[in-house]
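Close look at the chain arrangement
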Amino acid sequence: MNIAFFDFDGTITNTDSLFRFIRYSKGNFRFYIGMLMLAPVFLFFKLKLIKNWRAKEIVLSWFFKGTREVDLVNQGENFVRHVIPRIIREEASQALAFHQANGDKIVIVTASLSVWIKPWCDTHQFGLIATSPEFENGRFTGRIAGKNCYGEEKVRRIKTEFDLGKFMKIYAYGDSIADMEMINLADIKYLRWSKMD
C-alpha cells in the first residue's frame, strides 16, 4: 500500500481555513473588528517576534475563548457543509481522487484545528493529524492542546503514528517552506502542485 500526506491550508484549499472559519462563525463585522484589534499580533509574527503557535493561540482566544465545546464542534460541522466545498482546489480534488482510486491511504496533516478538519476527513474517510483545541469543563480555553502541528511537528507526529517502512511509496503535498520537512519524508514530492525532483 502507498500513503499520501496532504497539507490542508493553501494546498487542498485556496485560502486559509482558520480565517474563513472565524468569519463564518462570527460574521463579517466581528471578524474585521477582530482583525483590526489583532493587527499588532500579525505584525509581531511577521517580524518573527512571536512564534506561530503563540500567534494562533492569541487569535483563537480572542474569538473563541469560553465557547462551549459542543457549540464549537457544531460550528465546525456546519463549516464543512457550507464552506469547505467552495474552497477546495481543483488540483487537490484530482489528486485525492487519484489516490482513492489507487487504494492509497490518505492522511491530512495540518496546523488547522481538528474542529473543522475532522468532520471533513471523516466524510471522506481520510486519516487526520491536526492541531487540537484545549477544553476544560466543556469550554475552549483559547489554548492549543499539545503542540501546534506545524513544520517539524508534522514530521514528529507522522513518525509517531506510522511505520513509514511498511509503505511501498510515500507521497507528500505541501505549499510552503513549513511543509518541507514533511515533503522530504516522501518518495514523490509536490510543492505548490509542482512535482519536485
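Here the structure is shown first, and the text comes after it.
Quick caveat: nothing in here was measured; it's all calculated off a predicted structure.

Turning to the overall build of the chain, a few remarks are in order. Counting its secondary structure elements, the chain contains nine helices and seven strands. In terms of overall size, the chain behaves like a compact globule, its C-alpha atoms giving a radius of gyration of 17 Å where 197 residues would be expected to give roughly 16 Å. Considered along the principal axes of its C-alpha atoms, the chain spans approximately 45 × 35 × 30 Å. Scored against the burial criterion, the 197 residues of the chain give a buried share of 48%. Put simply, 63% of the contacts in the chain that link residues at least 6 apart link residues at least 24 apart. Surface exposure of the chain reaches about 10500 Å², of which carbon and sulfur atoms provide 52%.

This part is about the packing of aromatic side chains. Under the definition given, this model contains 16 aromatic pairs. Plain terms: the ring middles of Phe-5 and Phe-162 are 5.8 Å apart, the flat faces sit at 65° to each other, and that makes the pair edge-to-face. Highlighted residues: Phe-5 in strand β1 (residues 3-6) and Phe-162 in the loop between α8 (152-161) and β5 (170-174), separated in sequence by 157 residues. Both residues of the pair, Phe-5 and Phe-162, belong to the buried class.

Across soluble globular proteins, you tend to see nonpolar side chains buried next to one another. Counting residues in hydrophobic clusters, the biggest one holds 40 residues, and the most contacted among them are Phe-6, Ile-12, Phe-64, Ile-108, Trp-116 and Trp-120. Those residues in contact with Trp-116 that lie beyond four places of it in its chain are Ser-17, Leu-18, Phe-21, Gly-76, Phe-79, Val-80 and Ile-84.

What follows concerns the environment of Trp-120. By the secondary structure assignment, Trp-120 is in helix α7 (residues 114-124). Trp-120 gets classed as buried once you look at its relative accessible area, which sits at 7%. Contacts of Trp-120, omitting those with residues within four sequence positions, involve Phe-8, Ile-12, Val-80, Ile-84, Ile-88, Leu-96, Ile-108 and Phe-126.

Further remarks concern the packing of helix α1 (residues 17-37) against helix α3 (residues 52-64). Two quantities define a packed helix pair, namely the angle between the axes and the distance from one axis to the other. Closest axis-to-axis distance for the α1/α3 pair is 10 Å, and the angle between their directions is 95°. Between α1 and α3, the interaxial angle falls into the category roughly perpendicular. Contact with α1, carried on its side by Leu-18, Phe-21, Ile-22, Ser-25, Lys-26, Arg-30, Phe-31, Gly-34, Met-35 and Met-37, involves Val-59, Leu-60, Trp-62, Phe-63 and Phe-64 of α3 and no other residues of that element. Class assignment of the residues belonging to the contact of α1 with α3 gives a composition of eleven nonpolar, two polar and two charged.

Moving on to unusual backbone geometry. Even without being a glycine, Lys-48 presents a positive backbone phi close to 65°. Along the polypeptide, Lys-48 turns up in the loop between α2 (39-46) and α3. Its relative accessible area of 75% is what places Lys-48 among the exposed residues. Of note, Trp-193 is a non-glycine position whose phi angle comes to about 65°, a positive value. By the element assignment, Trp-193 lies in the loop between β6 (188-191) and β7 (194-195).

The next point concerns the pairing of strand β4 (residues 139-145). Pairing analysis gives four bridges linking strand β3 (residues 127-136) to β4, with the strands arranged antiparallel. When the sheet's bridge partners are listed, Pro-133 is paired in β4 with Ile-144. Linking β3 to β4, which pair antiparallel, is a turn of two residues; within it Asn-137 sits at a positive phi near 55°.

About the cut-offs
- Residues numbered from 1 in each chain as written.
- Predicted model: local features only at pLDDT ≥ 70, side-chain atom pairs only at ≥ 80, totals over all residues.
- Heavy atoms only, no water.
- Helix = DSSP H or I, 4+ residues; strand = E, 2+ residues; numbered from the N terminus.
- Rg over C-alpha atoms; globule rule 2.2 N^0.38 Å.
- Buried < 20%, exposed > 50% of the residue type's maximum accessible area, 1.4 Å probe, protein only.
- Contact = heavy atoms within 4.5 Å.
- Areas by Shrake-Rupley, 256 points an atom, 1.4 Å probe, with all protein chains shown as cover.
- Phe/Tyr/Trp six-rings, centres within 6.5 Å; stacked < 30°, edge-to-face > 60°.
- Core = buried A, V, L, I, M, F, W, Y, C linked by side-chain atoms within 4.5 Å.
- Axes fitted to C-alpha atoms, helices over the stretch in contact; angles between N-to-C directions.
- Parallel < 35°, antiparallel > 145°, perpendicular 65-115°, else oblique.
- Nonpolar A, V, L, I, M, F, W, Y, C, P; charged D, E, K, R; others polar.
- Pairing = 2+ DSSP bridges.

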